[in-house]
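Fold and geometry: a report
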Amino acid sequence: MEGGHGTDADREDEDSESEILRDRFRLSTISIAEAEAKKNGMDISEPIVACIADLAFKYAEQLAKDLELFAQHAGRKSVNMEDVILSAHRNEHLAASLRSFSNDLKAKEPQSEKKRKKVSKKEDKASTSAVHIPDL
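Scope of this entry: the structure provided in the associated data block. Please read these numbers as outputs of a predicted model, since none were measured by experiment. (Residues numbered from 1 in each chain as written. Predicted model: local features only at pLDDT ≥ 70, side-chain atom pairs only at ≥ 80, totals over all residues. Heavy atoms only, no water.)

Quick look at the packing of aromatic side chains now. By the definition in use, this model includes one aromatic pair. Relative to Phe57, the ring of Phe25 lies with its centre 5.6 Å away and its plane at 65°, an arrangement referred to as edge-to-face. Here the residue Phe25 occupies a position in helix α1 (residues 8-39), and Phe57 occupies one in helix α2 (residues 46-73), the gap between them amounting to 32 residues. On the basis of relative accessible area, Phe57 is assigned to the buried category, the value being 15%. (Phe/Tyr/Trp six-rings, centres within 6.5 Å; stacked < 30°, edge-to-face > 60°. Helix = DSSP H or I, 4+ residues; strand = E, 2+ residues; numbered from the N terminus. Buried < 20%, exposed > 50% of the residue type's maximum accessible area, 1.4 Å probe, protein only.)

Next comes the structure, spelled out in structure tokens:
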């Protein structure tokens, strides 16, 4: 047992689950790439499709790590929408799309859901002003 992180069987189960998720992600990516190519009347070679799938998976892994770090830096255990928007800070178009999506979600959220959780003024201010990305 290394560092008290569980048994070898537990690690094997986690590795197996990770492999299944990775494979499903890659299959979905391949399916999307092939559908987009077909929709645009293009051919796409197998090595290119595999490369796109690998790049997408590696990007998703890095994004997940970044989001976790943003939440930890803010003293939270959960990732929130502000973390996702912050992750897009280098891509203004994506950040604007994410802000718009977030605002749409907030507008559709029932009033009872908004009032469900009592939040201290300090936490409320931190969650709403933690990230300020100016609109375009």
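Within the structure shown, the criterion is met by five salt bridges. Between Asp23 and Arg22 there is a salt bridge whose closest N-O contact spans 3.3 Å. Owing to a relative accessible area of 38%, Asp23 belongs among the partly exposed residues under this scheme. By relative accessible area, Arg22 is classed as partly exposed at 24%. With a closest N to O distance of 2.8 Å, Arg76 and Asp83 form a salt bridge. Residue classification places Arg76 among the partly exposed residues on the basis of a relative accessible area of 26%. (Salt bridge = Lys/Arg side-chain N within 4 Å of Asp/Glu carboxyl O.)

Before going further, it helps to spend a moment on a negative patch on the surface. Together, Asp10, Glu12, Asp13, Glu14, Asp15, Glu17 and Glu19 give the surface a local cluster of negative charge. Inspection of the secondary structure puts Glu14 in helix α1. (Patch = residues over 30% accessible without salt bridge, like charges linked within 9 Å, V, L, I, M, F, W, Y side chains within 5 Å. Areas by Shrake-Rupley, 256 points an atom, 1.4 Å probe, with all protein chains shown as cover. Lys, Arg positive; Asp, Glu negative; His and termini not counted. Charge placed at Lys NZ, Arg CZ, Asp CG, Glu CD.)

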